[in-house]
Structure formats: C-alpha cells, structure tokens
Amino acid sequence: MSRTVYAVLFLLLTCCGIACPVHAVEQAGAAQREVERSTAGRAVVFNRDIRPLLSDRCYPCHGPAAAHREAGLRLDQRDAAVSELDSGEVAIMPGNAQQSALMTRLLEQDDQLRMPPADSGKKRLTPDQVDRFRRWINQGASYQQHWSFMPLVRPALPAVNNLHASDQPIDRFVLARLEQQGLTPAPEADRVTLIRRLSLDLTGLPPTQREVRAFVEDSRPDAYSRLVERLLSSPHYGERMAQFWLDLVRYADTVGFHGDQTTTYWPYRDYVIEAFNANLPFDRFTREQLAGDLLPGASRQQKIAATYNRLGMMTAEGGAQPKEYLAIYAADRIRNLSGTWLGVTLGCAQCHDHKFDPFTTRDFYSMGAFFADIKELGFYGSAHNDGIWGEVMWLTTPAEQERLDQLTEQIVSLKKTLATGSPGRAVAQVEKELKARAAEKVALEKAIAKMPKTVAVEPRTMRVLPRGNWMDDSGPVVQPAVPEFLARLDVHEGRATRLDLARWLTSADNPLTSRTLVNRLWKLYFGNGICRSLNDLGAQGKWPSHPELLDTLAVELIESGWDIKHIVRTIVLSKTYRQSSQPRPELAKIDPENRLLARQSWFRLEAEQVRDGALAVSGLLVTTLGGPSVKPYQPAGYYAQLNFPMRTYQADRGEKQYRRGLYTHWQRTFLHPMLKAFDATSREECTAERPRSNTPLQALTLLNDPSFVEAARVLAERIVREGGTDKTARIDWAYRQVVSSPPKPEISKLLADLHTRHRAYYDGHLEAAKQVAQAGDWPASEEIDPAELAAWSSVARVLLNMHETITRY
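Residues numbered from 1 in each chain as written. Predicted model: local features only at pLDDT ≥ 70, side-chain atom pairs only at ≥ 80, totals over all residues. Heavy atoms only, no water.

**Remarks on the overall build of the protein chain**
So, step 1. The number of helices and strands found in the protein chain is 33 helices and six strands.
So, step 2. Scaling as 2.2 N^0.38, a compact globule of 809 residues should have a C-alpha radius of gyration of about 28 Å, and the protein chain matches this with 30 Å.
So, step 3. When its C-alpha atoms are laid out on the principal axes, the protein chain stretches across 105 × 80 × 50 Å.
So, step 4. For the protein chain, with 809 residues in total, the buried portion stands at 53%. (Helix = DSSP H or I, 4+ residues; strand = E, 2+ residues; numbered from the N terminus. Rg over C-alpha atoms; globule rule 2.2 N^0.38 Å. Buried < 20%, exposed > 50% of the residue type's maximum accessible area, 1.4 Å probe, protein only.)

This is how it looks when you write it as structure tokens:
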C-alpha cells in the first residue's frame, strides 16, 4: 500500500468513526425505557399499547390462523377472547384482571405454564407490560380495529401552548407531542444546511457553490419557498423520486433466475421519471401501471407503464417446470402489489391464513386472479439465445422508423422491378440491391430496442393452492377479488379486471394505499417513516409515532387529487422539516431514535447519491435524462460465474460513464459492487427501505473505486484552476465545493499538511504522480504539474471520503 493510501486512510479513520454496537444497544434500551415511561400513568389504548404485544407474543398460537391455533383460544377477536373455553376458563374477563386466565398465565412462574412459553423464543413480558394488560382489562378490555385498516378521517388539530406555533398541521401535531414530553423543537437550521438538505432530498444532488451563495444572500421573506419550487421543478426531482419507486416495484435490467440474462426494461424506468416530473396524479399513475394496456385507446406511454406487470423474474433454465414457474410468477405479483401499494405482507397467506393479520389464503389467490389474463410462459426456453421473453413492444425511434419505411418502400419497388422485368436495369444488379436492402432492414430490426409487454388474453383458471403446492389442484377456483375484510368490488358485469383493482387501490374507501404512500414519502425527508415499519402496516408493524399526523397527510393526499408534489411541498415547508439536526444531550436520553421529532434527522446518503455527488462536485456528472442503462467501471472477472451465455463486462466509454447511478445496469444476481457496498437492493423483491450499514468496505470503495479515484483527480484539476493561487484559498474552495460550507481551521490545517507531505512525496516519485493523473477515461490535464495534481488528488480523495460528504444533515 502506498504512502498516499496510508495517509488518506489515517485521516479518514480519524475523522469518521464506525458505529459502536454497545452504543446501539444502549440506545435501544433507552428507547424501550422511554416507551415504558410514556405509557405509565395514562389510559391504555389497545392499538398502541396492547395489540403490538399480542401480535408479537400471542398471535402465532392464538391468532387469525386457525390451523396454528392452540387450546381453542383466539385473542385477535374480542368475542372469542372473552368467551369461556372448553377448560371452563375465561382468558379475558373485562373489568376483572384478577379473574382473567390471561393474567394468571402471564404471571406464572412455572416455565411449563407461563405465557409466552419458554420454548417459543419470545421474551417474557416486562413488569410494565404486564401492568399494561392488567390496566387494560380493568378498563374493560376494549378492542379496536387495527389502526391501518380503520377508515380514514381527518383528525382535528391539537391545541398547543406555544402561541407562536405554526398552524401547519405537521408542526401542530409534532409540537403537541413535544409539549406532552416537556420538550421544545430545535431551532431552524442555517441556510447552508437548508439548501444542501433540500437539494439532496428533492434532487439527490448537492447544490453548487453559486446556488449556495445565492440562497444565503437572498433576503426575500419567501426565499425558502422559492427554493422549494425551483427544486420541485427540476428534472432531477423525477430521478430522485424514481429511485424509491423502482426499489418498490423491483425494477432491474435482468431476469434474475438462473442465467440472469439481460432484457430491456429501461423505457419503464423513464416513464416513472417522467411521471414524477409531470406530477402525474398517483391514482392515474396506478391505473397506467396495473392496467395501462386495458385503457381505451391506450397510448404508447401507457402501454410502457403496464410493463410493470412484466418486471418480475423469469427463467430459461433447462428442466424448469412451466406450471411451477407460472405459480411462482403469480405469487411474486401478489407480494409486490400488496407490498408496493398496500404496505402489508399478504405474501404470508400463500400457504396458510395469515398468522397476524386478517388475510386468508383465499384472499391471496383471489388477488392473483386479477393478473390471470396476462399472456406469459412459465419457461422461456430459447430466451438466453434470442433475448425474447414473450410478447414484446418495439421501441422504434423516429429516425429508425423513417429508415424502416424507406427500406420497405425500396424493397417493394425492387421486387416489382424484378416481377415486371422493367427494361434498363440488369437483373443481377436489381437482385444485388434487393439483397442489400433486405439485409439492412433485418439488421435494423434486430438493433431496435424491444421490451417485454403486457398483453391481455382469456384469463387462465386460478385456484387456491393448498399449502402453496403448485402440483395440488384440489383447491377451490377463485375469481378476482380484494381481501374480503377490506372491501367487495362493485363490478356491474363480468369478471373484475386489473383496471377495477387499480381503481379500488386508490379509492377513498381503501385506507391502506394513501397511508402507505405518505408514510414512505415522510421517510424520504426524515430518514424514518411515521410508522417505522415501511413494509408492514399490519399487526407486526410498528405503532406510528404520530398516528393523527399520518392520517392527516393520508386524507390530504386523497383530497388533493393524489398530488404527490403537494404532499412533498407540505412536508418540506414545515418548520419540523427545517429544524437543525444537531443532537441535544436531553434528547439523547429521552428520545435517542428521534421519534418525537424534536430535531431533524441525519443519515447517510443512499448508494446512487453517494456516487452522483462525487461526479457532480468533480464536474464529471452528465445530467442527461433517460435512455438505456449504462455500465460504470467494475472489477474485472466479477461476472465470471454468469452463464447462459457467459459474459464479459465492458464498461461504457465517454458520457455514458458519467451518468447518474439511477441509470446503472441493474444485474440482479451480481449487483454493481459500489451499489452493493452502500446497501442498494438486488430488486428481487419489493423493498420499501434499504438498510444503512457502516462498514470499512464503504470507506475503501470511496478510496479505491475507479469512479471515485477519477472523480478525485478531476476535482483536483478544478481545485488548481478555480480555487485561487494559494493553498489556503484552494482548500477553502475545495471544501465548499464538496460539502457546501467552509472548513474549520483545524480541518484546513490537516488538509494543508496532507498536501505538503504528498507534494514532497510525488516530487520524488514522478512516475507515481503520472499514474494518478491517468486515472479513469477522462483526459488528463497537461497544463498542471503532475506532482501538484497528484497531491491535490490526495486531498480530494479525503474530501470525498468524509462523513460530511456522504451524510445528509
């Protein structure tokens, strides 16, 4: 390892710490203690205080799934829970905890008798939790429908003591909760932090120095709202929003199974970007994706949108059973639909009734019946050779169509010449021209992009598969239907279609879709959802920190006409969003996870944004929207295990190398190493939330990945050209360029010392300096001294590695 790498790593590791597991445990314990403090001495609410415990500790044996129910006891329904059992006991005797068998079992000291059983793997309830049950039973043991399944009603705004509080609903609900806990909100963040936060949140890109200066110096009272509108109008807003949606619908450039062959889905990705930029109402966005092909006079864009139905994984593996894979594809669609739009785990009902939520196995397969009209194969035998995965849509460009028309006309004319024997032209010459035109047409048709498309046919029979067994046809036949406990579709005639499903998903009668969507939008701007279990709003999910706020935003979304930009604007204009994210000692003890929102959150940027930021500050980023996926630098041999066919990765050259991460070729089984290091998902399943790890591999990626080495070298050229003439000025310019704010004196000194040491090293090792100057495809500057460029490249590599660079505050 070179002295450069040692020096950079040393500075990196002294500036950026690794998360401490002990501290994480302490935080979790503090969070649990805070929950227990917050529930003590107040009325017990079933959904908030009791249901989570029943769902976690009791429902596996005493919940909705009849096949797994023990002792005939059902605790998810009040009538069953308060009824006398065959043993003569009553589990819950409303108003009398002392006579309730449930309390006896919770307090039992004998491991063979106490609940939950010792061999269940579930923790015994804490004294506070047992006391909650006692108080709840003595209060009358009232049950509630699960909060996420309850009809949506706009709650009244809470009263607050702060006379200067905002009337904005977000701020009122947050402040009311803070006042209950004796806390005050954080002050507004400084303007540099605000523009950087807002730029990263709304576009995924850092602001330029010019943009920062303009906002800091803008004294108009509406400067912030003007900034919000500018960023919402940016074409990069659609790219940022598309990233979270593509994770949900498991968009990728390959089919996933076996050989994981490449196919063409990028026009769907571009449709999503355009839809968010155009602020397409979410109800229409839903209809076009689920049933764009069924819309009267469907446009090309609507048909492309309907490719959502073909985004799942497919197989061309020899020996695959078509019937089995049709069942696999159907189950995948049900899981994805329920996860993406409803935020529930309907997939748990594939083999048996859901253990925690009121979804039945019949519900699962009835939802799958909506998609039984999609023309598809279970096994695409020749696809690994010809690349055809069923019905395709030709994505002909205007220029390609013009040339096709010309060739077709010429071929017809030449054939007519041969047929009529027109004088003046030798037959051999005409045949030669005809052959040439025909060959050109074949080559052009082969080169035209073709994407799998959704084609509706006569629906195949769908039935319940007992225990999910694709070979067992003994289950009852089902028709398209939504979960029975939620609604019954009003279909006037014939069979319900995907279009009926799409309309129900975004109807005012469906309480799940709007709650799910606004919860996920909230996560984009606060780091966590109001309900932290983004992928499960059911009984196993988390209780929302601000349930009335969640419902207010959900109602607002529907009443606004499903206007996503309206909700985003509402969130980012709130005082709650604009708070400083600086931690405070009292909050670290009371609210270590920032559930009360007494400050903003700070969190690491997602994988694509980390790379986009490095390209942007270096000046390498190409901001062209849309088009085929691209291939950044990648380690040689990474695809060695891919077969059918074998592939050698060829990195793109020119502008394609510097596109945003959103456009990176998404190989499901071999995700790009940089994206994988920063927790991007393989997109084999619906992903509502990526994990946020903190590993040495990430630091090494930022240090050694060719994209980042090249970005640092090109940034170094800019430091020399644009940063002024002396070292201090250049460091100040570079720091502002990367993290938007000026460096502290001690950081400036560290960077200056680093430059001095590395300049001395490279003065004596010019060949090493020249190697640094040649990093990547971008042409090297011949005007800058190689040793000087290499030394500033070292500084730039440190800057791109800093915690402040890859963190949103």
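**Things to note about the state of the cysteines**
So, step 1. Scanning all chains against the criterion turns up zero disulfides.
So, step 2. Free of any disulfide, cysteine 58 has its nearest cysteine sulfur in cysteine 61, 9.0 Å distant. (Disulfide = S-S within 2.5 Å.)

**Description of the packing of aromatic side chains**
The geometry of an aromatic ring pair comes down to the distance between the two centres and the angle between the two planes.
So, step 1. By the definition in use, this model includes 32 aromatic pairs.
So, step 2. Measuring from ring centre to ring centre gives 4.9 Å for phenylalanine 364 and tyrosine 365, while their planes differ by 80°; the resulting arrangement is edge-to-face.
So, step 3. Taking the relative accessible area as the measure of exposure, phenylalanine 364 reaches 0% and is therefore buried.
So, step 4. When its relative accessible area of 5% is taken as the criterion, tyrosine 365 is described as buried.
So, step 5. Measuring from centroid to centroid gives 6.1 Å for phenylalanine 526 and tyrosine 577, while their planes differ by 85°, and the two rings are edge-to-face. Taken as a pair, phenylalanine 526 in helix 21 (residues 511-526) and tyrosine 577 in helix 24 (residues 575-578) lie far apart in primary sequence, 51 residues in all. Neither phenylalanine 526 nor tyrosine 577 differs from the other in exposure class; each is buried. (Phe/Tyr/Trp six-rings, centres within 6.5 Å; stacked < 30°, edge-to-face > 60°.)

**Considerations on unusual backbone geometry**
So, step 1. In this chain, methionine 115 is followed by proline 116 through a cis amide linkage whose omega measures -5°.
So, step 2. Of note, the phi angle at alanine 71 is positive, near 60°, even though the residue is not glycine.
So, step 3. Within the secondary structure, alanine 71 is located in the loop between helix 3 (46-62) and helix 4 (78-81).
So, step 4. Residue classification places alanine 71 among the exposed residues on the basis of a relative accessible area of 69%.
So, step 5. Positive phi outside glycine occurs at leucine 597, with the angle close to 65°.
So, step 6. Here leucine 597 is to be found in the loop between helix 25 (585-590) and strand 5 (603-604).

**Let's talk about the packing of helix 10 (residues 223-232) against helix 23 (residues 564-573)**
So, step 1. Following both chains from N to C, one finds helix 10 and helix 23 inclined at 145°, their axes separated by 11 Å at the closest point. Relative to helix 23, the crossing made by helix 10 is right-handed. Each of Tyr224, Ser225, Val228, Glu229 and Leu232 in helix 10 lies in contact with helix 23, whose residues at this interface are Lys565, Val568, Arg569, Val572 and Leu573.
So, step 2. The residue inventory of the contact of helix 10 with helix 23, partitioned by class, reads six nonpolar, one polar and three charged. (Axes fitted to C-alpha atoms, helices over the stretch in contact; angles between N-to-C directions. Left-handed = near helix turned anticlockwise from the far one by under 90°. Contact = heavy atoms within 4.5 Å. Nonpolar A, V, L, I, M, F, W, Y, C, P; charged D, E, K, R; others polar.)

**What about the nonpolar core?**
So, step 1. By size, the foremost hydrophobic cluster in this structure holds 120 residues, and its most contacted members are Met241, Trp245, Tyr268 and Tyr525.
So, step 2. By size, the runner-up hydrophobic cluster in this structure holds 51 residues, among which are Ala614, Leu621, Leu702 and Leu799. (Core = buried A, V, L, I, M, F, W, Y, C linked by side-chain atoms within 4.5 Å.)

**A closer look at the environment of methionine 674**
So, step 1. One can find methionine 674 in helix 27 (residues 673-677).
So, step 2. When the C-alpha positions of methionine 674 and arginine 611 are compared, they lie 8.5 Å apart, and in sequence the two are 63 residues distant.
So, step 3. Non-local contacts of methionine 674, meaning those with residues more than four positions away in its chain, are made with Ala607, Val610, Arg611, Thr701, Asp705 and Phe708.

**Some details on the pattern of salt bridges**
So, step 1. Scanning all chains against the criterion turns up 51 salt bridges.
So, step 2. A salt bridge links lysine 375 to glutamate 391, with the shortest nitrogen-to-oxygen separation between them at 2.7 Å. Taken together, the positions of lysine 375 in the loop between helix 16 (361-368) and helix 17 (383-386) and glutamate 391 in the loop between helix 17 and strand 1 (392-394) put the pair 16 residues apart, joining distant regions of the chain.
So, step 3. Note on lysine 375: relative accessible area 39%, which makes it partly exposed. (Salt bridge = Lys/Arg side-chain N within 4 Å of Asp/Glu carboxyl O.)

**A short note on the side chain of threonine 513**
So, step 1. Structurally, threonine 513 can be placed in helix 21.
So, step 2. With a relative accessible area of 1%, threonine 513 lands in the buried category.
So, step 3. Setting aside residues no more than four positions away along its own chain, threonine 513 makes contact with Phe282, Trp341, Leu342, Leu505, Thr506 and Trp562.

**Description of the environment of glycine 637**
So, step 1. Within the secondary structure layout, glycine 637 lies in the loop between helix 26 (607-618) and helix 27.
So, step 2. C-alpha separation for the pair glycine 637 and threonine 648, spaced 11 residues apart in sequence, amounts to 7.4 Å.

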